[in-house]
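# Observations on the three-dimensional arrangement
What follows is the residue order along each chain.
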Amino acid sequence: MPTKPITRRSMLGLSAAALSSLMFAGCASEGADGAVEVEIVSYKQEAKSIFDQIQADFNKTHDDVKLKIDSPADAVTIMKTRFVRENYPDVIGIGGDGDYASFTDSDILANVSDCPTLEEVKPAYTDILKSVTYIPMEGIYGVPYVANAAGMLYNKAMFDEKGWPIPETWDELMDLCKEIKDEGQVAPFYLGYLDTWTILSP
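Rules used throughout
Residues numbered from 1 in each chain as written. Predicted model: local features only at pLDDT ≥ 70, side-chain atom pairs only at ≥ 80, totals over all residues. Heavy atoms only, no water. Helix = DSSP H or I, 4+ residues; strand = E, 2+ residues; numbered from the N terminus. Buried < 20%, exposed > 50% of the residue type's maximum accessible area, 1.4 Å probe, protein only. Contact = heavy atoms within 4.5 Å. Core = buried A, V, L, I, M, F, W, Y, C linked by side-chain atoms within 4.5 Å. Pairing = 2+ DSSP bridges. Arc of directions from axis to C-beta. Patch = residues over 30% accessible without salt bridge, like charges linked within 9 Å, V, L, I, M, F, W, Y side chains within 5 Å. Areas by Shrake-Rupley, 256 points an atom, 1.4 Å probe, with all protein chains shown as cover. Salt bridge = Lys/Arg side-chain N within 4 Å of Asp/Glu carboxyl O. Lys, Arg positive; Asp, Glu negative; His and termini not counted. Charge placed at Lys NZ, Arg CZ, Asp CG, Glu CD. pLDDT = per-residue confidence, 0-100. Polar contact = N/O pair within 3.5 Å; in protein donor to acceptor, adjacent residues only side chain to side chain.

## Digging into the overall build of the chain
Per the secondary structure count, the chain includes six helices and six strands. Counting helices and strands in the order they occur from the N terminus, the chain gives β-β-β-α-β-α-β-α-α-β-α-α. Taking all 202 residues of the chain together, the buried fraction comes to 34%. Counting contacts in the chain only where the partners sit at least 6 residues apart, residues at least 24 apart contribute 71% of the total.

## Focus: the nonpolar core
Counting residues in each nonpolar core, the largest one holds 21 residues, and the members touching the most others are Met-79 and Phe-103. Only helix H2 (75-84), strand E5 (91-95) and helix H3 (98-105) provide two or more residues apiece to this core. The residues touching Met-79, leaving out its near neighbours within four places in the chain, are Val-41, Ser-42, Tyr-43, Ile-92, Gly-93, Ile-94 and Phe-103.

## What about the pairing of E5?
Summarising burial for E5: five of the five residues are buried, a large majority. Side-chain alternation along E5 places Val-91, Gly-93 and Gly-95 on one buried face and Ile-92 and Ile-94 on a second face that is also buried. Here strand E3 (residues 36-42) runs beside E5; their pairing, made up of three bridges, is parallel. If you follow Val-41 over to E5, its bridge partner there is Ile-92.

## Things to note about H2
The complete set of buried residues in H2 reads Ala-75, Val-76, Met-79, Lys-80, Arg-82 and Phe-83. Looking straight down H2, one finds its buried side chains confined to an arc of 165°; they lie on one side. On its buried face, H2 sits against E3, E5 and H3. Backbone geometry just downstream of H2 places Glu-86 in the positive-phi region, at approximately 60°.

## Examining a negative patch on the surface
A cluster of acidic side chains, namely Glu-168, Asp-171, Glu-172, Asp-175 and Glu-179, defines a negative patch on the protein surface. In this fold, Glu-172 is placed in helix H6 (residues 170-183).

## What to know about the confidence of the model for the chain
Counting all residues, the mean pLDDT for the chain is 81, and 81% of those residues have values of 70 or more. Low pLDDT, under 50, characterises residues 1-18; the stretch is placed with 68 contacts to residues that sit more than four places away or in other chains.

## Side note on the pattern of salt bridges
For the structure on display, the rule yields seven salt bridges. Between Asp-99 and Lys-80 there is a salt bridge, and its shortest N-O distance comes to 3.2 Å. Residue Asp-99 is located in helix H3, and its partner Lys-80 is located in helix H2; the two are separated by 19 residues in the primary sequence. Lys-80 carries the same exposure label as Asp-99, and that label is buried. When the shortest N-O distance is used, the salt bridge between Asp-182 and Lys-178 registers 3.0 Å. Of this pair, Asp-182 and Lys-178 both sit in helix H6, four residues apart, roughly one helical turn.

## Quick look at the side chain of Thr-133
Structurally, Thr-133 can be placed in the loop between helix H4 (123-131) and strand E6 (143-147). With a relative accessible area of 15%, Thr-133 lands in the buried category. At 3.1 Å, the side chain of Thr-133 forms a polar contact with the backbone oxygen of Lys-130. From its side chain, Thr-133 meets the backbone oxygen of Ile-135 in a polar contact 3.3 Å long. If near-sequence neighbours (up to four positions away) are discounted, Thr-133 is found in contact with Tyr-100, Ala-101 and Thr-104.

This is the structure:
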């Protein structure tokens, strides 16, 4: 896999987009048994048991390639520390967010524009990757593999009781919020802060 050298530019970011990608950062190494080891570091700690099973199944059926998948807590911080030391995993799995933008801007990730798998990815998803970089970049620096949708929950009983229409545009939503606020009985929005990421998308 191609390798790109790290620069010392900013590696911090605070925006978010609902897209996860595999990014190719390092170059596979050969183990003592002659098998090529491919290391993947993913930020999806909640999927660790699934990754462990994928790793075990793959390694059972392949002698020449060994897969090592890590999903540590605070994975992005660990990645940043490793990048500073120029100790790159071969593949990283992160969201298409500010961290992706910082990694791309820092010239860490490999350009995978010629990856055959990209032919199976909807162009809208690769367009998201292009849109979240701080500096416009030529090429594609990740392979999107999953996308999320963000939405709002509403109190159906209250909407029915008050006769409020379901907004279909941003302007309709803002008008409804003003109407609700003017009534003074309830707050138009309620946001939970148990997990900070839940408020990043809005």
